[in-house]
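# Summary of structural features
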Amino acid sequence: MLRRTIQSSFFSRVLQLKLNHHSGGATLLISQNRCFSYGDNKQSNEDTNDSTQQKIMSTYQKIVKVDYTNTQQSTDLCNLLNSYAMDPKGGGEPIDSSMLSSLPSQLQNFGHATSFIVYIDTDDGKQQPAALANCILSFSTFAAKPILNIHDVFVDADFRGRGLSQALLKHVEQYAIKLGCCKLTLEVQDKNTEAMNSYKKFGFDAYELDPAD
């Protein structure tokens, strides 16, 4: 039997980012007075330029698409997700250990999930997992195209303020374009204004039903 719940004290908002497909894999997004051109390394914005982009890119070593059969990557995924769960904005409670240990194999078996981890170089030459995005592939029957939903976005507290969430969202967007998705969606609590502002900065806007999508 499926569990049915109504959380009257929990308010959330669905945001979406429509994807425009152009030659070369670039997509042009317009949000308020900001104009971002992703995929061709060009940006035009009063507070976003090439030097800003280089600064963001230099804060991490790489973004990895998680191999759920890889022990280290699976461990990093579970640790980041559990840190997210224990964060006040994630509920403040750890995930049950048995559920957490089975997560990578369950995601692998599910077949429609993709996870990305940002790794940061440390002073001792190692790479520290710093940020995570878990994505679930869905489908728009109106547009007859896939939709990528960003189910989880988390940046470890030790690495916040470095632009990692923006870099991670950009990476996910490019992945969605390769899949032929018509848009990205995510859900955020109304009270989480910090996350809301980050998503809107990237170009997400409030969800609106559009028959074309």
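Scope of this entry: the structure provided in the associated data block. (Residues numbered from 1 in each chain as written. Predicted model: local features only at pLDDT ≥ 70, side-chain atom pairs only at ≥ 80, totals over all residues. Heavy atoms only, no water.)

This paragraph deals with the overall build of the chain. Summing up its helical and strand segments, the chain has five helices and ten strands in all. Taking all 213 residues of the chain together, the buried fraction comes to 43%. For the chain, long-range pairs separated by at least 24 residues make up 63% of all intrachain contacts whose partners lie at least 6 apart in sequence. (Helix = DSSP H or I, 4+ residues; strand = E, 2+ residues; numbered from the N terminus. Buried < 20%, exposed > 50% of the residue type's maximum accessible area, 1.4 Å probe, protein only. Contact = heavy atoms within 4.5 Å.)

Turning our attention to the packing of helix α2 (residues 71–86) against helix α3 (residues 97–110). Where α2 meets α3, the axes come as close as 9 Å, and the angle between the chain directions of the two elements is 120°. What the angle tells us is that α2 and α3 run oblique. Where α2 crosses over α3, the handedness of that crossing is right-handed. Contacts between α2 and α3 involve Ser74, Leu77, Cys78, Leu81 and Asn82 from the former and Leu100, Leu103, Pro104 and Leu107 from the latter. (Axes fitted to C-alpha atoms, helices over the stretch in contact; angles between N-to-C directions. Parallel < 35°, antiparallel > 145°, perpendicular 65-115°, else oblique. Left-handed = near helix turned anticlockwise from the far one by under 90°.)

For the structure shown, the criterion picks out two salt bridges. The shortest N-O distance in the salt bridge between Arg160 and Asp87 comes to 3.1 Å. One end of the pair, Arg160, is in the loop between β8 (145–155) and α4 (164–178); the other, Asp87, is in the loop between α2 and α3, with 73 residues separating them in the sequence. Of the residues examined, Asp87 reaches a relative accessible area of 16% and is grouped as buried. Its salt-bridge partner being Glu194, residue Lys89 comes within 2.8 Å of it at the nearest N-O pair. On the criterion of sequence distance, the pair formed by Lys89 in the loop between α2 and α3 and Glu194 in helix α5 (residues 193–202) is long-range, its members being 105 residues apart. For Lys89, a relative accessible area of 39% gives the class partly exposed. (Salt bridge = Lys/Arg side-chain N within 4 Å of Asp/Glu carboxyl O.)

Attention now moves to the environment of Pro104. Assignment of secondary structure puts Pro104 in helix α3. Among the residues examined, Pro104 registers a relative accessible area of 7% and is labelled buried. Through-space distance from the C-alpha of Pro104 to that of Asn70 is 9.1 Å; in sequence the pair is 34 residues apart. Apart from residues no more than four positions distant in its own chain, Pro104 is found in contact with Tyr68, Ser74 and Cys78.

Here we come to α5. Taken together, the buried positions of α5 are occupied by Ala195, Met196, Ser198, Tyr199 and Phe202. Along the long axis of α5, the arc covered by the buried residues comes to 165°, so they all point the same way. In α5, the exposed positions that point more than 90 degrees away from the buried face belong to Glu194 and Asn197. (Arc of directions from axis to C-beta.)

Moving on, we come to the packing of aromatic side chains. Under the counting rule described, the total for this entry stands at four aromatic pairs. An angle of 25° between the planes, with centres 5.4 Å apart, marks the rings of Tyr84 and Phe154 as stacked. Taken together, the residues span a long stretch of sequence, with Tyr84 in helix α2 and Phe154 in strand β8 at a distance of 70 residues. Classification of Tyr84 by relative accessible area gives partly exposed; the value is 23%. The buried category is assigned to Phe154, whose relative accessible area is 6%. (Phe/Tyr/Trp six-rings, centres within 6.5 Å; stacked < 30°, edge-to-face > 60°.)

This paragraph deals with the environment of Lys200. With respect to the secondary-structure elements, Lys200 resides in helix α5. Separated by 184 residues in sequence, Lys200 and Gln16 have C-alpha atoms that sit 9.6 Å apart.

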